[in-house]
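# Results of the structural survey
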Amino acid sequence: MSTAAAERPHGARPLIAEANRLMERNPGYRVEIIGGQILVSPPPDASHAVALTDLMLPFLSAGLHGAESAVLQGVGLWLPTGPEDYAIPDLSLLDADFEDHYVENNCYDPVCFRLVLEVTSSNYGADLRTKVTAYAQAKIPVYVIVDRKHQRLHVLTNPAGDTYESHRPHAPGEVVILPDSIGAEVPLDVAEILKAGQPKSG
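Sequence order sets the numbering: in each chain, residues are counted from 1 along the sequence as written. In keeping with the predicted nature of the model, local features appear solely for residues at pLDDT of at least 70, side-chain atom pairs appear and are counted solely at 80 or more, and the whole-chain, interface and lining totals rest on all residues. Side-chain metrics in this entry use all non-hydrogen atoms of the structure; hydrogen atoms and water are not considered.

We count a stretch as a helix when DSSP gives it H or I for four or more residues in a row; a strand needs E for two or more, and each element gets its number in order from the N terminus. Helix and strand counts for the protein come out as five helices and 14 strands. The C-alpha atoms of the protein give a radius of gyration of 16 Å, which matches the 17 Å a tight globule of 202 residues would have. Based on the C-alpha atoms only, the size of the protein along its principal axes is roughly 50 × 40 × 30 Å. For the protein, buried positions account for 47% of its 202 residues. Only carbon and sulfur atoms are counted for the fraction: they give 53% of the accessible area of the protein, which is about 9500 Å². By the counting rule applied here, Lys and Arg register as positive and Asp and Glu as negative, while His and the ends of each chain are not counted. The location of each charge is read from NZ of Lys, CZ of Arg, CG of Asp or CD of Glu. Side-chain charges of the protein comprise 15 positive and 26 negative groups, with the mean position of each set lying 8 Å from the other. With the radius of gyration taken over C-alpha atoms, the globule rule is written as 2.2 Å times the number of residues to the power 0.38. Only protein chains enter the calculation, and the probe is 1.4 Å; a residue is then buried if its accessible area is under 20% of its type maximum, exposed if over 50%, and partly exposed in between. Surface exposure here means Shrake-Rupley accessible area, sampled with a 1.4 Å probe, where a residue is shielded only by the protein chains that are shown.

Set out below in structure tokens:
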């Protein structure tokens, strides 16, 4: 565990206690605390899950789930934005020793995260704004957003303060190669990912 995480006060946690109560009362909902505010997201639709599964495949094919790193869904990320702040990214690429960086409340120190990825749902504004600030302040090197509403894939790199120096939106027809700083070059076909994330009519 990093020094910063070890120095956090571990007294009363009123927001975390309330967040945990909300999760117990609302199974399937995702509850996070960002900027001292509780953020509650409804259960995702099936297309959200399909997109996530499809997104895992290129990371696995690149050999990023193994001895050096792990590709995981729904792992808690402890944030520096407030004394009880944490997020639960849809998908994360972490160093293989992430268990050594446990902080509390099923969350891990941001130092072991190489990349986080969100697939937008009804509260897409949080992914496109609130979490950009939170993940930049946590110094997450790469943040990927699958924006299902606007049909774009965003790649944010080089965190600086409360934003990212590089924020590139990509449209269908492009193949994005993620920075090899995450451990390998991972290609993402924007059209295929966005198609997987579209709810099927019926």
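Moving on, we come to the pattern of salt bridges. For side chains bearing opposite charge, pairing can occur when the charged atoms are close. Definition used for salt bridges: Asp or Glu carboxyl oxygen within 4 Å of a side-chain nitrogen of Lys or Arg. As enumerated under the stated definition, the model contains 10 salt bridges in all. Between R30 and E118 there is a salt bridge, with its nearest N and O atoms 3.4 Å apart. Taken together, the residues span a long stretch of sequence, with R30 in strand 1 (residues 30–34) and E118 in strand 9 (residues 113–119) at a distance of 88 residues. In terms of burial, R30 and E118 fall into one category: buried. Linked through salt bridges whose partners overlap, the residues forming this network are R30, E32, D90, E118, D127 and K131.

Take the layout of surface pockets next. With a 1 Å grid laid over protein atoms only, a set of points is called a cavity when a 1.4 Å probe fits there but cannot get out and a pocket when it is open yet has protein on both sides within 12 Å along at least five of seven lines; lining residues have an atom within 4 Å of a point. Grid points are joined across faces, edges and corners, and a volume is the space filled by probe spheres set on the points. Put simply, the largest pocket is a space of about 260 Å³. Every residue lining the largest pocket is counted, 23 residues in all, and those nearest its centre are R30, P44, H48, I88 and D90. Listing elements by their share of the lining of the largest pocket, those giving two or more residues are strand 1, strand 2 (37–41), helix 3 (46–61) and helix 4 (124–137). Residue contributions to the lining of the largest pocket peak at three residues, all from helix 4. Gly falls in the polar group here, along with every residue not listed as nonpolar (Ala, Val, Leu, Ile, Met, Phe, Trp, Tyr, Cys, Pro) or charged (Asp, Glu, Lys, Arg). Broken down by class, the residue content of the lining of the largest pocket amounts to 10 nonpolar, eight polar and five charged.

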